[in-house]
Amino acid sequence: MRPGHALVLFSGGQDSTTCLAWALTHFEHVETIGFDYGQRHQVELQARTEVLAAVRERFPQWAGRLGEDHMVDLAVLGQISDTALTRDTAIQMTAAGLPNTFVPGRNLLFFQLAAAVGYRRGLHTLVGGMCETDFSGYPDCRDDTLKALQVAVSLGMGQRFTFETPLMWIDKAATWELARELGGDALVDIIVRQSHTCYHGVRDTLHSWGYGCGECPACALRRAGHEQWAARSGA
């Protein structure tokens, strides 16, 4: 076990569910935090509660270490954003070379608010599922961004915070494998059946990799990663 307690930025998706399992494996006490920013795929907020309930039920060895869940109303972010995740608009590339699913400032705000909650509750390790390997080019997912933010947050709070990103340098196939290493087939099953990633919020068809439209960038990454993982591991 690592010293200290952890706060997981938990959306209810594949990556944050894997990071939750990682934190529960490494820390004696873990809490979670989610954000309602008016996201188009509001269904992920329900997925959060379902994943947490399933983890508590199916992993008694983790249930005692899984503490309070915090939900933050971040509606202002949705109000000032004009993106495909906060508006009913087609997903496409922008002139800046980024998909219009990029919500400017999202991860920066997430970590700052998580640090404020962590400050109050004595949780100085913040865990996020950001990744530079399989991602859509979002600048706030980059390792350099989060290292710089860690320094700024620690200075601004007057306490040292550590940002952990267990998925930063692995691809989606390796993320599936990490989930199985951490929690076996039971955790993989929770990710497939309870977690949510699809930007369109589609939950009417269960694929081998989970629910989703199968076409949006989030579904495409998740599906391709599952196919690669299954081919490598025989899953």
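This one's a predicted model, so the numbers in the text were calculated from it and none came from an experiment.

### Some thoughts on the environment of Ser233
Move 1: Within the secondary structure layout, Ser233 lies in helix 8 (residues 217-233).
Move 2: Separated by 60 residues in sequence, Ser233 and Ala173 have C-alpha atoms that sit 9.8 Å apart.
Move 3: Residues contacting Ser233, with those up to four places away along its chain left out, are Glu177 and Arg180.
Move 4: At a separation of 2.7 Å, a polar atom in the side chain of Ser233 contacts the main-chain carbonyl oxygen of Trp229.

### What about the sheet that holds strand 1 (residues 6-9)?
Move 1: Across the sheet, five strands lie side by side as 3-2-1-4-5; this open sheet has parallel pairing. In the strand order of this sheet, the two ends are held by strand 3 (66-73) and strand 5 (162-164), each with one partner. On average, each strand axis in the sheet is tilted by 25° relative to the strand beside it, whichever way the strands run.
Move 2: The sheet contact formed by strand 4 (residues 125-127) and strand 5 spans three bridges and is parallel. Bridge pairing in strand 5 links Thr125 to Thr162.
Move 3: Sheet strands touched by helix 5 (residues 106-121): strand 1, strand 2 (30-36), strand 3, strand 4 and strand 5. Its angle to strand 2, the strand with the most contacts, is close to 140°.

### A closer look at the UniProt feature "binding site: ATP" (unreviewed entry) in the protein chain
Move 1: In the numbering used here, UniProt assigns the feature "binding site: ATP" (unreviewed entry) to Phe10, Ser11, Gly12, Gly13, Gln14, Asp15, Ser16, Thr17, Thr18, Cys19 and Leu20.
Move 2: Checked against the element boundaries, Gln14 lands in helix 1 (residues 14-26).
Move 3: Residues in contact with Gln14, not counting those within four places in the same chain, are Lys172, Thr175, Trp176, Ile191, Ser195, Thr197 and Arg222.
Move 4: Tracing the backbone through its elements, the reader meets Thr17 in helix 1.
Move 5: The contacts of Thr17, once residues within four sequence positions are left out, are Phe10, Gly12, Val51, Leu187, Ile191 and Ser195.

### Re the packing of helix 7 (residues 172-193) against helix 8
Move 1: At a minimum axis distance of 10 Å, the contact between helix 7 and helix 8 shows a crossing angle of 90°. If you check the angle between helix 7 and helix 8, you find them roughly perpendicular. On helix 8, the residues touching Lys172, Ala173, Ala174, Trp176, Glu177, Arg180, Val188, Ile191 and Val192 of helix 7 are Leu221, Arg222, Gly225, His226, Gln228, Trp229, Arg232 and Ser233.

### Side note on the environment of Val117
Move 1: Counting through the fold element by element, Val117 comes out in helix 5.
Move 2: Classification of Val117 by relative accessible area gives buried; the value is 11%.
Move 3: Distance in space between the C-alpha atoms of Val117 and Ile33 is 8.7 Å, their sequence separation being 84 residues.
Move 4: When residues no more than four places from it in sequence are discounted, the contact partners of Val117 are Leu7, Ile33 and His70.

### Looking at the nonpolar core
Move 1: Judged by nonpolar contacts, the single largest core of 61 residues is most densely connected at Leu9, Leu20, Val30, Ile33, Phe111 and Leu126.
Move 2: No other element matches the ten residues that helix 7 contributes to this core.
Move 3: The residues touching Val30, leaving out its near neighbours within four places in the chain, are Ala6, Val8, Leu20, Ala23, Leu24, Arg65, Leu66 and Gly67.

### Notes on the UniProt feature "binding site: Zn(2+)" (unreviewed entry) in the protein chain
Move 1: UniProt annotation of "binding site: Zn(2+)" (unreviewed entry) refers to Cys198, Cys213, Cys216 and Cys219 when read in the numbering used here. In sequence the annotated residues extend across 22 residues, while in space they remain close, none of their C-alpha pairs exceeding 6.8 Å.
Move 2: By the secondary structure assignment, Cys216 is in the loop between strand 7 (210-211) and helix 8.
Move 3: Inspection of the secondary structure assignment puts Cys219 in helix 8.
Move 4: Apart from the residues within four sequence positions on either side, Cys219 is in contact with Cys198, Trp209, Gly212, Cys213 and Gly214.

### A look at helix 2 (residues 43-58)
Move 1: Helix length check: helix 2, at 16 residues, gives a terminal C-alpha distance of 22 Å against a target of 22 Å (1.5 Å per residue), a fit within 8%.
Move 2: Among the residues of helix 2, those classed as buried are Glu44, Leu45, Ala47, Arg48, Val51, Leu52, Ala54 and Val55.

Here is what the cut-offs are and how they apply
Residues numbered from 1 in each chain as written. Predicted model: local features only at pLDDT ≥ 70, side-chain atom pairs only at ≥ 80, totals over all residues. Heavy atoms only, no water. Helix = DSSP H or I, 4+ residues; strand = E, 2+ residues; numbered from the N terminus. Contact = heavy atoms within 4.5 Å. Polar contact = N/O pair within 3.5 Å; in protein donor to acceptor, adjacent residues only side chain to side chain. Pairing = 2+ DSSP bridges. Axes fitted to C-alpha atoms, helices over the stretch in contact; angles between N-to-C directions. UniProt positions renumbered as here; feature names shortened; annotations may be inferred. Parallel < 35°, antiparallel > 145°, perpendicular 65-115°, else oblique. Buried < 20%, exposed > 50% of the residue type's maximum accessible area, 1.4 Å probe, protein only. Core = buried A, V, L, I, M, F, W, Y, C linked by side-chain atoms within 4.5 Å. Expected span 1.5 Å × (residues − 1).

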